[in-house]
Amino acid sequence: MSLLRLSAFSKCLNGLTLLERSVNRLPKADHCHYCFTVRNNSGRRIAEPSWKSQKRHFSAAFPKKEDGEKRCLEQSQLLDVLEARIRQLQSDVVSDVQHSKVQFVKAPKSETGAFSGWSSNINSGKSWMPKLGKRVSKEVGQTASPETVKEYPEAPFNEDEQQRVQCYLEACVFSGDIDRASNLLLTNHQNIRQRKVLNIEAYNLMMSVWAKKGSMDPIRQLFVLVEEAGLKPNLSSYSAALECLGRTPNCDPSLINRILQQIEADGLSLDELFCHGVFRQDERDMALKAVLTIQPDFQPSIKSVMPTCSSPLVKDFYSERTDSRYPKLAFSLEELQKKFRNQLNVEQTCAITINSVEALKPLTEHVVKMRNLLTKQRRVWHKTLVGALREKKATMASTSNRLCQYPYLGLLDDKDYADIMIQSLSEMPPSGESLQVLAKNLGIRVYNKFCILRKRQNHMVDKLNRIYNEYVELVAEDNETPSVLPRERWQMLEAEHSSGPSLLGEECHWTHAVLIELGIFLVEFMIDHMKVNRGILSFSHDRKTVPVLYHMYTFRGNKQMGFIKQHPIVTQIHQDAMETTLTFDSYVMPMLCPPVPWTSTRFGAYLLTPTKLMRVGIGNKQHDILLEKCPVEELHPVLDSLTQLGNTAWRINQPLLDVIISVFNDKGCEKLGVPPPLSEAPAIPSYSHQEMATYTSGEKAHLKLEVINAKKKCAEMHSLRMDALYKLSIANHVRDEVFWFPHNMDFRGRTYPCPPYFNHLGSDVTRAILVFAEGKPLGPGGLDWLKIHLVNLTGLKKRSSLAGRLEHANAIMDLIMDSADRPLTGKRWWQDADEPWQALACCMEITNAVRSPDVTQFVSCFPVHQDGSCNGLQHYAALGRDVIGAISVNLMSCEVPQDVYSVVAQKVEDFRVRDAEKGLKIAKDLAGFINRKVVKQTVMTVVYGVTRYGGRLQIEKRLKEIDDFPEDCVWDASRYLVHQVFNSLKEMFTGTREIQDWLTESARLIAKFGNPVEWVTPLGLPVIQSYHRPRVQQLKNNLQSHLSLQICHDSKQKPDVIKQKNAFPPNFIHSLDSTHMMLTALYCYSAGLTFVSVHDCFWTHALTVDTMNKVCREQFVALHSQPILQELAKFLLQKNSSVPINDVNRKEVQEYERMLMLLSKVPQTGNFDLNQVKESMYFFS
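Computed from a predicted model, the values in this text were never measured in an experiment. (Residues numbered from 1 in each chain as written. Predicted model: local features only at pLDDT ≥ 70, side-chain atom pairs only at ≥ 80, totals over all residues. Heavy atoms only, no water.)

A. Representation of the overall build of the chain. The number of helices and strands found in the chain is 44 helices and 24 strands. Put simply, the chain has 1181 residues, and 56% of those count as buried. Taking as baseline every contact in the chain between residues at least 6 positions apart, the subset at least 24 positions apart corresponds to 77%. Element-wise, carbon and sulfur atoms account for 51% of the exposed surface of the chain, whose accessible area totals about 52,000 Å². (Helix = DSSP H or I, 4+ residues; strand = E, 2+ residues; numbered from the N terminus. Buried < 20%, exposed > 50% of the residue type's maximum accessible area, 1.4 Å probe, protein only. Contact = heavy atoms within 4.5 Å. Areas by Shrake-Rupley, 256 points an atom, 1.4 Å probe, with all protein chains shown as cover.)

B. Geometry of the pattern of salt bridges. Here the structure, examined in full by the defined rule, presents 43 salt bridges. Across the pair aspartate 640 and arginine 487 runs a salt bridge whose closest N-O atoms are separated by 2.7 Å. Highlighted residues: aspartate 640 in helix 24 (residues 636–646) and arginine 487 in helix 20 (residues 486–496), separated in sequence by 153 residues. When its relative accessible area of 7% is taken as the criterion, aspartate 640 is described as buried. With relative accessibility at 2%, the residue arginine 487 sits in the buried group. As a salt-bridge pair, arginine 602 and glutamate 628 come within 3.9 Å of each other at their nearest N and O atoms. Taken together, the residues span a long stretch of sequence, with arginine 602 in the loop between strand 8 (596–600) and strand 9 (603–605) and glutamate 628 in helix 23 (residues 622–629) at a distance of 26 residues. Note on arginine 602: relative accessible area 40%, which makes it partly exposed. Classification of glutamate 628 as partly exposed rests on a relative accessible area of 47%. Ionic contacts of the salt-bridge type, sharing partners, join the residues Glu1001, Arg1004, Lys1008, Glu1151 and Arg1154 into one network. (Salt bridge = Lys/Arg side-chain N within 4 Å of Asp/Glu carboxyl O.)

C. Spatial organisation of the pairing of strand 1 (residues 351–355). Alternating positions in strand 1 separate cleanly, Ile352 and Ile354 being buried on one face and Ala351, Thr353 and Asn355 remaining unburied on the opposite face. Of the pairings in the sheet, the one linking strand 1 to strand 7 (residues 581–585) comprises five bridges and is antiparallel in character. Across the sheet, isoleucine 352 pairs through a bridge with phenylalanine 584, a residue of strand 7. (Pairing = 2+ DSSP bridges.)

D. Here's a closer look at the nonpolar core. The biggest cluster of nonpolar side chains holds 145 residues, and the ones touching the most others in it are Trp490, Leu607, Leu891, Val900, Leu977, Phe1064 and Phe1068. For this core, the leading source of residues is helix 41 (residues 1057–1086), giving 13 residues. For phenylalanine 1068, the residues in contact, after removing those within four places along its chain, are Leu879, Leu999, Trp1015, Ile1124, Leu1125 and Leu1128. In this structure, Tyr408, Leu442, Phe450 and Leu1039 belong to the second largest nonpolar core, which totals 111 residues. (Core = buried A, V, L, I, M, F, W, Y, C linked by side-chain atoms within 4.5 Å.)

E. Spotlight on the sheet that holds strand 23 (residues 1092–1094). With antiparallel pairing, the three strands of this open sheet are ordered in space as 18-24-23. This sheet does not close on itself; its edge strands, each paired only once, are strand 18 (863–867) and strand 23. Adjacent strand axes in the sheet meet at a mean angle of 30° when their direction is disregarded. Judged from the five bridges that link them, strand 18 and strand 24 (residues 1097–1101) form a sheet pairing that is antiparallel. Opposite glutamine 866, over in strand 24, you have phenylalanine 1098 as the bridge partner. (Axes fitted to C-alpha atoms, helices over the stretch in contact; angles between N-to-C directions.)

F. Representation of the packing of aromatic side chains in the model. Enumeration according to the criterion identifies 38 aromatic pairs in this entry. Here tryptophan 650 and tryptophan 1099 contribute two aromatic rings whose centre-to-centre distance is 6.2 Å and whose plane-to-plane angle is 75°, an arrangement assigned as edge-to-face. With tryptophan 650 in strand 11 (residues 649–652) and tryptophan 1099 in strand 24, this residue pair connects regions lying 449 residues apart in the sequence. In this pair, the class of tryptophan 650 matches that of tryptophan 1099, namely buried. Arranged with centres 6.1 Å apart and planes meeting at 65°, the rings of tryptophan 1015 and phenylalanine 1068 form a pair that is edge-to-face. Placement of the pair is tryptophan 1015 in strand 19 (residues 1014–1016) and phenylalanine 1068 in helix 41, with a sequence separation of 53 residues. (Phe/Tyr/Trp six-rings, centres within 6.5 Å; stacked < 30°, edge-to-face > 60°.)

G. Molecular detail of the sheet that holds strand 14 (residues 751–753). Within the open sheet, the three strands sit side by side as 10-13-14. Their pairing is mixed. Each edge of the open sheet is held by one strand with a lone partner, namely strand 10 (614–615) and strand 14.

H. Structural view of helix 38 (residues 948–960). Relative to the 18 Å expected for 13 residues at 1.5 Å per residue, helix 38 spans 18 Å between its end C-alpha atoms, a close match to the ideal helical length. Residues of helix 38 that are buried: Gly950, Gly951, Arg952, Gln954, Ile955, Glu956, Arg958 and Leu959. Of the surrounding secondary structure, the elements contacted by the buried residues of helix 38 are helix 37 (932–942) and helix 39 (970–988). (Expected span 1.5 Å × (residues − 1).)

I. Spatial organisation of the environment of leucine 549. One can find leucine 549 in strand 5 (residues 549–556). Using a relative accessible area of 0% as the deciding quantity, one classes leucine 549 as buried. Contacts of leucine 549, omitting those with residues within four sequence positions, involve Leu425, Met428, Met526, Ile527, Ile564, Lys565 and Gln566.

J. Expanded view of helix 32 (residues 836–850). Compared with the 21 Å implied by 1.5 Å per residue over 15 residues, the 21 Å span of helix 32 between its first and last C-alpha is a close match. Burial analysis of helix 32 places 13 of its 15 residues in the buried class, the great majority of the element.

K. Spatial organisation of the environment of leucine 464. With respect to the helices and strands, the residue leucine 464 is situated in helix 19 (residues 460–471). Residues within four places of leucine 464 in sequence aside, it is in contact with Phe340, Trp490, Leu503, Leu607 and Leu608.

L. Molecular detail of a negative patch on the surface. A cluster of like negative charges, contributed by Glu334, Glu335, Glu477 and Asp478, occupies part of the molecular surface. Here aspartate 478 lies in the loop between helix 19 and helix 20. (Patch = residues over 30% accessible without salt bridge, like charges linked within 9 Å, V, L, I, M, F, W, Y side chains within 5 Å. Lys, Arg positive; Asp, Glu negative; His and termini not counted. Charge placed at Lys NZ, Arg CZ, Asp CG, Glu CD.)

M. Representation of the packing of helix 33 (residues 871–880) against helix 42 (residues 1105–1120). The contact between helix 33 and helix 42 brings their axes to 10 Å, and the two run at 45°. In terms of orientation, helix 33 and helix 42 fall into the oblique class. Crossing angle aside, the handedness with which helix 33 passes helix 42 is right-handed. Where helix 33 approaches helix 42, its residues Gln874, His875, Ala878 and Leu879 are matched on the opposing element by Phe1116, Leu1119 and His1120. Considering only residue class, the contact of helix 33 with helix 42 consists of four nonpolar, three polar and no charged. (Parallel < 35°, antiparallel > 145°, perpendicular 65-115°, else oblique. Left-handed = near helix turned anticlockwise from the far one by under 90°. Nonpolar A, V, L, I, M, F, W, Y, C, P; charged D, E, K, R; others polar.)

Here it is as C-alpha cells:
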C-alpha cells in the first residue's frame, strides 16, 4: 500500500480505485456503462476546470465552514453509492473484489496542524476531488448495452513527444507561466491516451514549483496523479515534498517521518537523495532542514573510498600511485583563477566579437557610408524586432494552443532574441542558407543562452566559482605535486561544498524538433518584420520597403528543400561595408582556463555551456540510455582520459601565424592549403537571349553545365575561404593567450576537441600554428627527434630507417635554415613537403635550437608526432596473430620500416604487368602510373569498411590529379585498380579478412533478428550501433507547408541490416584504437608527460618521445593480450541468444541456429608473439 493511500485517499478515492480494478477484471461483455467509463476515462475524473481557473484553490488551504458541510454531505452520498456498487459487483460477477472501510476524517483548521496521514488534506480546499465526486455521482446509475461500448485504442508511446512535453513544461515554469504548465499537465493526464507523454519528471517539475511556495496541498494531489498514472515516485518527488515541509514553519514531524518511511519502503535512501539528487538554489538545504527535524544527527554519508573500474587494463593506473608524477601547469594559483574569471565572462555573454585577419581595404568614402548605413539599419531592425516581439507575445499569451512557441519566447529578454536574429543574418552566406540549418542554429543559440541564464538564476555560478578556485590548486605550479586525479579532486570538492545547488543540472535537452520549430518561428518573424527601404542604396526618397529575407524552394539532388536568401540589396550592403569583425558563439572559441573535469556523463568540459559527453545523431537516445545504466566507476578511465586530453595547454606559434596571414591576404595559395579569395574565382558565363537562340539544344545543355560548374566552384571557394578566415582570425585573437581544448567523444570512443573551427585535428595550417604552452628542454636526443619529425612531414624517406632520416635531415640543414630565415623569399624548400606549414614550423624550431648556446637546454614547445603504421591493419593483425600481416604493418622489429602501401602498390603493379602481357588494354594504359599515392587511401580505408564502389571513387580522384594520365581512361582504370587492390590485400592479410568476414556476418544475422549490434570496449565503454530504418517527421509551419526531418536513430524502428553489417567491422576497430589511445593517455599522464592525439597519431615533447613510445607499445600489447574476440563473442551470444523467432518458419530457425553457431566460434588465430611489438621501432614512428 502506497503512503499516498494511508489516510485521505481512502476517504474518497479508495472506493473508486478498487472499483476500477475490479471492473478491469471483467470481460467486455459484462461492462456496464459506468464501469467502462471508469476504466477507459479514469483520467477525466479530475475536474474539468484547469489549474488556471482554480489558482485560488491552492492559496487557501481550507474552505469556509458552510462549504465544508456541503462537501461532507456530497462525499457521504458518493460513498454510499460506491459501497452499493461494489457490493453489487461482488455478488454478481467478481469474487475477489476487496475494499477498505471508508471513514470520514474532519479536516484540521490549518495546514500546519497535525496531519492524520501523508495526504490527509487531499480533499480539503476547493480542489479537484469534490468535482470528481460530483461528476461520477451523476454517471453511476447510467447503464449501456455491451453493443454500445466502444474501445478507445491507446496512443503509441513516443519518447520524442514525452521529451517535448517536458521541455515545454520547463519553459513554462522558467518563464513564470505556472498556469499554462499546470493546464498542460492536467490536460494530458485527464486523457488516458495522452497520459503516456508524461513521465515522472513532468510531475516532479510541478512539485518543485509548489515546494518553493511552501504549498503542500498541490504536492499531495500531484502524488495522487503520479500513482493514478501508474508511475512510481523517485528521489526528486520525495525531495520536493521534504523541501516544501522544510519551508513550512512548525510543520508536523509525524508527516516528515511518514515520508521518510515511504522512501525506505520504496527501496530508496536519504544518503542517495542528498548525494545523487539534483537541487537548485536552496532546495537541498530546505530538504535537509526537514529531515533534521526528525533526525537531528543526520548527515549524508560520503564514500571515503571511491569504487574503481574493474577493467584489468587500468588496475595499476588506479592502484599503484607511489611512482606517479602527475603533471602541473606552469601558472600560479592566482593566474589560473584569473583565467577562470575571464572564461566565465566569455561564456556568460554567450557570444564574442573578434577582429578579422582579412587585410584592411582602403577606407574609401563609400565604405564608410556603407558601414554607417549598416550600423543604422541594424539599430532599426533591432528596435523593430523588440517591439514586434512584445506585441506578438501579448497576442499569444491569450491563446491556449497546445505546445505553442509562447513559453520559449519568455525564456530570454526580448533584446536577446533580437541580437540572436541579427547575428544569424550577419553570418548568412551570400548564396543563402537552408531553412533547416538556419532554424537549428537559431534554436541552439536560444537553448544555450537559456541554459546559462538558468544556471545563474539557480546560484550555480557562485558555487562553481568556489569549487573551481580550489580545484586549480591541484595543477598550479606553486602548490604541492598532486596525488589525486583531477576528477577525484573535483568530486571531493563537490562533497565538501554539498550545500546549495547542484552543479549537475537536471535540465531536459531540447529535442531536434523543438529546436527546429522555435528556429522556424524566429525565421518567419525575421521575414515578417525585418524590412529595408527599396531605394536605400541610391539614397532616394522611395519609402517602399521590401523584406530583408525571403523564402524559396531549391533542389539538392532530387529533393526539394526550403531555402532562405537575403535580398540582393542587403547582400550588397554587407559586401560594400567590408566589416572587419566576426561574431562567434562562445563555445566556438578555445577555453581560456583548464576545462572542468568530466565527472559523469552529464558534467564536464565548459564552465556553463551545455556539452554532451558523446556526440550522437538526431533522435538517438540509445547511447544515453546505455551510459546511464553503466556504473559510473566503469566509465572512470574514459572520463579521465578525456579530462587529460582537455588539460593540455596550448599557445600560438606567432611567427608562423604572421607568415600564413600574409599569404592569406596575398590572394592565398592553393598549393599550400590557403584558399584564394572569391575575386580569383572563374567568371560565371552569361549569355544573351540573342546568343542562346543561335545554339543547338546540345550546345545549350553544355553551356548550362558550364554555368552550374562555375557557380559550384564559386560556392566552394567562398566556403573554403571563410573556413580559413575563421580559423586564422580565432588564432590571431588568442595569439597572446594560453588556451585549452575541452574534449568529448563519438559513440565508438574516438575523441574530438569541442571547439569546431580551430583545433589540432584541423588541417595542416591549424596544426602548424599550435604549440604546447609548456616547454621542456630538448635534452640529449630531442634535436634528433625534431629532425626525424621534419623528414616525416616532408613525406620523403618513407622506407628509410630512423638513422637514414636523421642523416638526410643533417644533409639539408642549409635548406632547413634558409626556409626558417626566408620562408617566402628564399629557396622555399619547405613548400614541396606533404605537410608544408608544419614542415616550415619545424624548420623554425630546429633553427632556433641549433643557434642556441646549448642545444640540450633549449626549451622547446614544439609537438613531435608519432604516427601508427596503418593502425587499423595493426589491430586486425594483432587480433588474428597474423605473422605476415604483422610484418607488413611493423608489429615486428625490422631494420627498416615496412610500408604496406608501397607493398600493395608493387603487388598491383605485378598484376598489371601480367595482364598487360595478356593484351589487356587498360593494363597497358596504366603503365608507369601505379604508385604508392594512388593506392594509399583505398588500402587505408579497406580496413574501415570501404566498398569497391567507394574505393573506385578514391582511386579515380587520385588518377585525375595526375596531369599526364588520359582523362578518357579514368573510369576503366579506377575500376581495374580497385579490383587489384582488394585482391592484393586478400593475399597479404588472410587472418584480417577472416575476422572482418566474421564480424560482418555476425552483424547481419543479429540485425536480421531485430537487434542493433552492441558491445563493450575493453576499457568498459558500452557501444551500440544506432542505425535504424529512417523515420520521417513532418513539422507543420506557416513558412512552408511542412518540413521533413529524417531521423535515422529511432530505436522503435527496425535496424538497418545493410548499415549494421557494413559498419560493424570499422566501428569495432575504431573502438579498439580509441581504447589504445585512452590507455596511452592515462599512463602518459601518470608518467608526467604532455600527451595529445589525433586518433592514431600521438603528440608529445621531443624530450619525452622515447617514453611515450614505450608506453604506447606496452599498452598495445596489454590491450591485445586480453581475449578480445572471445569476450566479444560471449557478449553477443548473451545479448542475442534469446531473440523471439517463429518456430514454424524453418528458414528463420536455420538462420537463428547459424547465428548461435557463428557467435560461439571465433576465427582461429595465428602464432604471432605480441611481445615483439615492444621491440618494434617502427610500430609508431
